[in-house]
Amino acid sequence: GGTIRAMKRNLSLPIFAILAAVAVAAIVLPARPARAEVGIGLFVGQPTGLDVKLDLQRRTALDIVVGWKDFDDDGRDGYAHVTFLVNLGNARGRSVVVPFRVGIGGAVWDRGGDFGDDVNLAVRAPFEVGLRFRRTPLEIYGELALVLVLLDEHGNEDNVDADGGVGLRVYF
């Protein structure tokens, strides 16, 4: 009983945040070009979570990750970020396209996971390199982000930090 209830509580915030982000994006963002894509996948590292990438224009996209900042002795730390990405250019191979992206965005997380009294806010600037397969709608990518903490409720975060990991997206 208690384990199922805890799982529901831990998953309800990320699911709600994803639905809210998609709804806001659908209302606020300009109409996308006919060839625009939506990528949905998983990002593993710091943070770990569900990743949604929405193409805005030919070289720009909005990347949303909702999940957990890290897994430590205290449990899971709730996390979400929204990043505006710009594609700097692509290297092209026979079977892959390698996009190079930079971005700017914001992140929010809570050390308790419930977004109660330990909410943190940061600006993040990622560098991302992907492998987009030409024959399948898949992308494997890696990201390293510089993080500048603006709000630290309990003084338990570094002022400047780095996040990073790898991800997999399926495009529709």
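Every value quoted in this text rests on a predicted model; they were computed, and no experiment measured them.

Our next topic: the side chain of T60. Relative to the helices and strands, T60 is located in strand 3 (residues 60-72). At a separation of 3.3 Å, a polar atom in the side chain of T60 contacts the main-chain amide nitrogen of Q57. Ignoring any residue separated from it by four or fewer positions in sequence, one finds T60 in contact with D55, F84, L85 and V86.

Here the focus is the pattern of salt bridges. Evaluated as defined, the whole model comprises 10 salt bridges. Where R169 meets D63, a salt bridge forms, and the shortest distance between an N and an O atom there is 3.4 Å. Linking R169 in strand 8 (residues 160-171) with D63 in strand 3, this pair joins segments that are 106 residues apart in sequence. Residue E139 is joined to R101 by a salt bridge in which the shortest nitrogen-to-oxygen separation is 2.9 Å. Placement of the pair is E139 in strand 7 (residues 138-152) and R101 in strand 5 (residues 96-110), with a sequence separation of 38 residues. The class of R101 is buried, set by a relative accessible area of 5%. Look at the salt bridges and you will find they share partners, linking D51, D63, R101, E128, E139 and R169 into a network.

Criteria and cut-off values
Residues numbered from 1 in each chain as written. Predicted model: local features only at pLDDT ≥ 70, side-chain atom pairs only at ≥ 80, totals over all residues. Heavy atoms only, no water. Helix = DSSP H or I, 4+ residues; strand = E, 2+ residues; numbered from the N terminus. Polar contact = N/O pair within 3.5 Å; in protein donor to acceptor, adjacent residues only side chain to side chain. Contact = heavy atoms within 4.5 Å. Salt bridge = Lys/Arg side-chain N within 4 Å of Asp/Glu carboxyl O. Buried < 20%, exposed > 50% of the residue type's maximum accessible area, 1.4 Å probe, protein only.

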